[in-house]
Amino acid sequence: MNFSDSEIIASIMGEHGFATTQDEFDADVIFLNTCAIRDNAEQRIRERLKHLRANKKQNRDLIIGVLGCMAERLKDKLLEEEKLVDVVAGPDSYRELPKLVAEVDEGGRAINVLLSREETYGDLNPVRLNSNGVTAFISIMRGCDNMCSFCVVPFTRGRERSRDPESIIREARELATAGYKEITLLGQNVNAYLGKMGHTSELADFALLLDYVAEIPGIERIRYTTSHPKEFSQRLIDAYGKISKLVNHVHLPVQSGSDRILMAMKRGYSALEYKNIIRRLRSVRPDVSLSSDFIVGFPGETEADFEQTMKLVQDLKFDNSFSFIYSARPGTPAANLHDDTPQTVKLQRLQRLQAEIEAEAQRISQYMVGSVQRILVEGPSRKNAAELMGRTENNRIVNFPGQPRLVGQLIDVRITQALPHSLRAEVVTQEKVAA
Ligand code: SAH
Ligand code: SF4
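A brief report on the enclosed structure follows. As the structure is a prediction and not an experimental result, all values here were calculated from the model. (Residues numbered from 1 in each chain as written. Chains lettered and ligands numbered in written order. Predicted model: local features only at pLDDT ≥ 70, side-chain atom pairs only at ≥ 80, totals over all residues. Heavy atoms only, no water.)

**Brief notes about the layout of surface pockets**
Okay, so step 1: Approximately 1,400 Å³ is the volume attributed to the second largest pocket.
Okay, so step 2: Every residue lining the second largest pocket is counted, 38 residues in all, and those nearest its centre are S6, I30, F31, L32 and N33.
Okay, so step 3: Breaking the lining of the second largest pocket down by element, the ones donating at least two residues are α1 (2-14), β1 (29-34), α2 (39-58) and β15 (322-325).
Okay, so step 4: Tallied by class, the residues present in the lining of the second largest pocket amount to 20 nonpolar, 10 polar and 8 charged. (1 Å grid on protein atoms, 1.4 Å probe; cavity = no way out; pocket = protein on both sides within 12 Å on 5 of 7 lines; lining within 4 Å. Points joined across faces, edges and corners; volume = space filled by probe spheres on them. Helix = DSSP H or I, 4+ residues; strand = E, 2+ residues; numbered from the N terminus. Nonpolar A, V, L, I, M, F, W, Y, C, P; charged D, E, K, R; others polar.)

Below, the structure written as structure tokens:
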């Protein structure tokens, strides 16, 4: 999401005469676009700021800005604590950045952390950063109204608001015209999307938006992130039956397998309800791959609660997923809960969970060996520039020998080997199929 926001920021700054550079020592302005979801995300920014001292030493006029969620969370405290920082701007203040930078140019420091109920940046043309020319993100909504008890996002990104469908479709069409083949629709809670259609009072929900985007010629694959189980409607499940461009992969954060913990997290569903969504999804897409987010060590999580998470993982057979130790975020309701689980126990739980998920992901990779998979070729392989890299629908990286002209195409490959973090494959040619 921050990557996509950086593309919006680059567009705003671009309109005011700033271009991006790959050389940090060449920059007049350095913006760190920050995350506040866990404490260690913020610690990493603090470390980065330390390193930027050298840049400032070399160029006294260098302007350093901290943008996004950490800026929103800490506000002017950040200016107090980090003397190096000149600009602090929250996620809804990006349009103000040129003005804030100009203020600093005139001497002093500048801050804007106002949140908005309307801002979606829908009229802007994001500058595609580090683009492979094949895959791109489109932000479709901002903020979150869910108020999960552990989560800082509603405080840092503000109220939920959807971008209008016309501007999303315009952006997707432009990407298709420029040769992009895959788009990822972005939001904290994409399936709560409700966009106002033109000047009518009609609203488009997420399933309808998917219909519209799927109709755009040239867009071959659609992904989205992140969806929430509470709003995973039957209409969205039905979309999987109708829209073949929707990839065979769903990332649906569950957080925990224990109903007691899910309740304390205020997630709005039980483990059984989550399973029920997956059962219905698998009835329209039997081989859909499933990944998730997990939090271990939420305040009050007992061994029995954790075992229920392990059981859910074993039952549903998640593919590559993300799991984290709970991090108390000041100001969130859960931060006030009594938490008596030792950190070492939390770490052991995390390791057990990750080992289980990893083993299942490996089983899935092994199972793919010998099968023919449709991949979208994104560019040269990272490790070996003589080879190409593409992704399967379930987001596995596939490296294979092939002609550069295949970049940007959907092709069939036969998986020849499963490595821990990628697959190897060979192109399936017509001749081979005929033989
Ligand atoms: N909107 C998405 C997720 C946004 S944050 C959703 O609701 O699913 C991405 C992930 O970070 C979450 O799914 C959760 O697993 C994790 N996370 C959020 N707050 C956290 C916290 N306080 N401590 C640890 N992990 C957290
Ligand atoms: Fe945070 Fe919950 Fe909103 Fe996700 S749905 S961003 S976890 S409050």
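After presenting the structure, the write-up continues.
**Re the packing of helix α8 (residues 206-214) against helix α9 (residues 234-242)**
Okay, so step 1: Where α8 meets α9, the axes come as close as 8 Å, and the angle between the chain directions of the two elements is 25°. The orientation of α8 relative to α9 falls into the category roughly parallel. Crossing hand, α8 versus α9: right-handed. Along its contact with α8, which presents F206, A207, L208, L210 and D211, the element α9 presents R235, L236, A239 and K242. (Axes fitted to C-alpha atoms, helices over the stretch in contact; angles between N-to-C directions. Parallel < 35°, antiparallel > 145°, perpendicular 65-115°, else oblique. Left-handed = near helix turned anticlockwise from the far one by under 90°. Contact = heavy atoms within 4.5 Å.)

**Remarks on the sheet that holds strand β16 (residues 372-380)**
Okay, so step 1: If you trace the 5 strands once around the closed barrel, you get β16-β17-β18-β20-β19, paired in mixed fashion. If you compare each strand with its neighbour and ignore which way they point, the axes differ by 50° on average.
Okay, so step 2: Taken together, the 5 bridges between β16 and strand β19 (residues 410-418) define a ladder with antiparallel strand orientation. Within the sheet, the bridge partner assigned to R374 lies in β19 and is D412.
Okay, so step 3: Across the sheet, helix α13 (residues 343-368) touches β16, β19 and β20 (423-427), and the angle it forms with β19 is around 115°. (Pairing = 2+ DSSP bridges.)

**A closer look at the pattern of salt bridges**
Okay, so step 1: Considering all chains together, one arrives at 35 salt bridges under this definition.
Okay, so step 2: Residues E42 and R73 are paired through a salt bridge, measuring 2.6 Å at the closest nitrogen-oxygen approach. Here E42, found in helix α2, pairs with R73, found in helix α3 (residues 69-74); they are 31 residues apart in sequence, far enough to count as distant.
Okay, so step 3: The closest approach of N and O atoms between R142 and D92, which form a salt bridge, is 4.0 Å. One end of the pair, R142, is in strand β6 (residues 141-142); the other, D92, is in the loop between β3 (87-89) and α5 (97-105), with 50 residues separating them in the sequence.
Okay, so step 4: Counted as one network, the salt bridges with shared partners bring together D5, D92, R142, R157 and R161. (Salt bridge = Lys/Arg side-chain N within 4 Å of Asp/Glu carboxyl O.)

**Observations regarding unusual backbone geometry**
Excluding glycine, residues mostly carry a negative phi; peptide bonds, for their part, are mostly trans.
Okay, so step 1: The step from T225 to T226 runs through a cis peptide bond, and the omega angle for that step is 0°.
Okay, so step 2: Along the chain, the position of T226 falls in the loop between β11 (221-225) and α9.
Okay, so step 3: One non-glycine residue with positive phi stands out, namely N130, at about 45°.
Okay, so step 4: Mapped onto the secondary structure, N130 falls in the loop between β4 (110-112) and β5 (135-139).
Okay, so step 5: Even without a glycine there, the phi angle at K317 is positive, about 55°.
Okay, so step 6: Checked against the element boundaries, K317 lands in the loop between α12 (303-316) and β15.
Okay, so step 7: Owing to a relative accessible area of 46%, K317 belongs among the partly exposed residues under this scheme. (Buried < 20%, exposed > 50% of the residue type's maximum accessible area, 1.4 Å probe, protein only.)

By themselves, these observations are geometric and do not establish any function.
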